[in-house]
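Inside the fold
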Amino acid sequence: MSASSTPAVQLSQLTKRFGDHVAVDAIDLTVPAGMFYGIVGPNGAGKSTTLSMIAGLLTPDSGTVTVAGFDAAGQREDVLGALGIMMEGLSLPERLTGAELLEYTARLRSIGGEWRSRATDLLEVLELDRAPSTLIVDYSTGMRKKIGLAVAMLHRPRVLVLDEPFEAIDPVSARAIEGLLSQYVRGGGTVLLSSHIMDVVERTCERVALIKDGKILTEGTIDDVRAGGTLNDTFVDLVGAAPQRPISWLQ
Ligand SMILES: Nc1ncnc2c1ncn2[C@@H]1O[C@H](COP(=O)(O)OP(=O)(O)OP(=O)(O)O)[C@@H](O)[C@H]1O
C-alpha cells in the first residue's frame, strides 16, 4: 500500500453540541495519508467527540467528515472498510477469548484465510498469546485495550483512529504498540490518535493538533508546534496552567 494524495481524514466545519454545550466547534482538519497524526488537548476539549464522529459512532450536528476520500454520511460501507477504530468504552464480547474475538472479527469483515496468520502476529506482538484461554471479561484494562487494537488492525485498514491507545498500557507494551503502528505507517497506513502522553506524541507523531473547548488552538508538524521547547511546554502555554492555591486541610 502506498501513501496517496487523498487525505486520510478531512473534517470541514465539523460541529457537535450536547444541549447548550458546543463540544466540537466548526473544526477544519486535514490528516494526510501515510502518517502518524496526534490530537492532544485538556480533559473535555472535544478529542473523543471528534474521533467518535470520524468513526461514525456519533452524528455531527453540522459539517462533514471524509475518510480516505469517502464521505462518512453517504458512503458508510466504504468508510467502514477503510477504517479501523479503537475507542474508549466500546463494548467487547466478554465471553470470548482474544483469539476467538479475532476469528469473529475476521468473519464479520469477510477477511480471507490470511486472518489466521495476522491474528497470530497481533496476539504475539501484543503479548496476548500468554493468556490464550482467558476470557475477555477477565482481561485487565491494558489487555482490553490491546485486543481492541488487534480488532481494529485485523482487516489492514487504510486509516486507524485510536482514542488514547497508550493510556493504561505498561511501558514495555507501549513500545510494542509503537513498533506495530510504526510498521503500519511505513506500509502506507495512517494513524490518527488522541493522547495525554506528550512524550509518546512527540516520539511517534509527525503532526499534531492541539484542541481546547472544541476548537483547534494550533496545528502543524511537531517541530513547528513545540517551537524549540517541548510539546508539554506548548500545551501548558496555550491551555493555561491549572490554578494553584494552598489547601490548608491537606497540610
Ligand atoms: N454524550 C455526551 N453527553 C453530554 N455531554 C458530552 C457527551 N460526550 C461528551 N460530552 C461533553 O463534551 C465535551 C467534550 O468531551 P470529550 O469526551 O470529547 O473530551 P476529551 O477531549 O476526549 O476529554 P478527555 O481528555 O477527558 O477524554 C465535554 O464537556 C463533555 O462533558
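Residues numbered from 1 in each chain as written. Predicted model: local features only at pLDDT ≥ 70, side-chain atom pairs only at ≥ 80, totals over all residues.

Let me state the cut-off plainly: UniProt positions are given in the numbering used here, feature names are shortened, and annotations may be inferred rather than shown by experiment.
Named according to an unreviewed UniProt entry, the protein is ABC transporter ATP-binding protein originating from Georgenia deserti. Listed in UniProt under the heading Subcellular location (unreviewed entry), the comment for the protein reads: "Cell membrane".

A word on helix α9 (residues 231-239)
Here is the rule we go by: Three exposure classes are used. Buried residues have 20 or more other C-beta atoms within 10 Å of their own C-beta, exposed residues have 12 or fewer, and partly exposed residues fall in between, all C-beta atoms being placed from the backbone. Only DSSP runs of H or I with at least four residues qualify as helices, and only runs of E with at least two residues qualify as strands; both kinds are numbered from the N terminus onward. Directions are taken from the helix axis to each C-beta atom, and the arc is the one they span.
Inspection of α9 places Leu 231, Thr 234 and Phe 235 among the buried residues, and these make up the whole buried set. What you see down the axis of α9 is that its buried residues fit within an arc of 100°, all on one side. A positive phi of about 95° marks Gly 240, the residue just after α9.

Describing the site of the ligand
Inclusion rule: In this entry, near means the residue's backbone-placed C-beta atom lies within 6 Å of the molecule or strand. Under the convention adopted here, Pro, Cys and the residues Ala, Val, Leu, Ile, Met, Phe, Trp and Tyr are nonpolar, Asp, Glu, Lys and Arg are charged, and Gly plus all remaining residues are polar.
Residues in close proximity to the ligand include Phe 18, His 21, Ala 23, Gly 41, Asn 43, Gly 44, Ala 45, Gly 46, Lys 47, Ser 48 and Thr 49, which together make up its full environment. Where the shell around the ligand is concerned, the elements lending two or more residues are β2 (21-31) and α1 (47-55). The class makeup of the residues in the shell around the ligand is three nonpolar, seven polar and one charged.

Quick word on the sheet that holds strand β9 (residues 207-212)
Quick reminder of the rule: Strands qualify as paired when DSSP identifies two bridges or more between them. Axis lines are fitted through C-alpha atoms, for helices just across the contact stretch, and the angle between N-to-C directions can take any value from 0 to 180 degrees.
The sheet built from six strands is open, its strands ordered β6-β7-β8-β3-β9-β10 with mixed pairing. Edge positions in the open sheet fall to β6 (83-86) and β10 (215-221), since each of these has one partner strand only. Direction aside, the axes of adjacent strands within the sheet are offset by 15° on average. Examined bridge by bridge, strand β3 (residues 36-40) and β9 share four bridges and lie parallel to one another.

Quick word on the packing of helix α3 (residues 98-108) against helix α4 (residues 115-125)
Our working rule: A crossing counts as left-handed when the near helix is turned anticlockwise from the far one by less than a right angle, and as right-handed when that turn is clockwise. Residues are treated as contacting if the C-beta atoms built from their backbones sit within 7 Å of each other.
The contact between α3 and α4 brings their axes to 10 Å, and the two run at 140°. In the crossing of α3 with α4, the sense of the turn from one axis to the other is right-handed. Mapping the contact onto sequence places Gly 98, Ala 99, Leu 102 and Ala 106 in α3 and Trp 115, Ala 119 and Leu 123 in α4. Taken together, the residues of the contact of α3 with α4 break down into six nonpolar, one polar and no charged.

Observations regarding the nonpolar core
Inside soluble globular proteins, nonpolar side chains tend to come together where they are buried. Put simply, the test is: Joining buried Ala, Val, Leu, Ile, Met, Phe, Trp, Tyr and Cys residues through C-beta atoms within 7 Å gives a set, and that set is a nonpolar core.
Judged by nonpolar contacts, the single largest core of 68 residues is most densely connected at Val 67, Ala 150, Val 159, Val 161, Val 191 and Leu 192. Per-element accounting of this core gives the leading share, seven residues, to helix α5 (residues 141-153). In this structure, Val 159 is in contact with Ala 8, Val 9, Val 67, Ala 68, Ala 82, Leu 83, Thr 190 and Leu 192, ignoring residues within four places of it in sequence.

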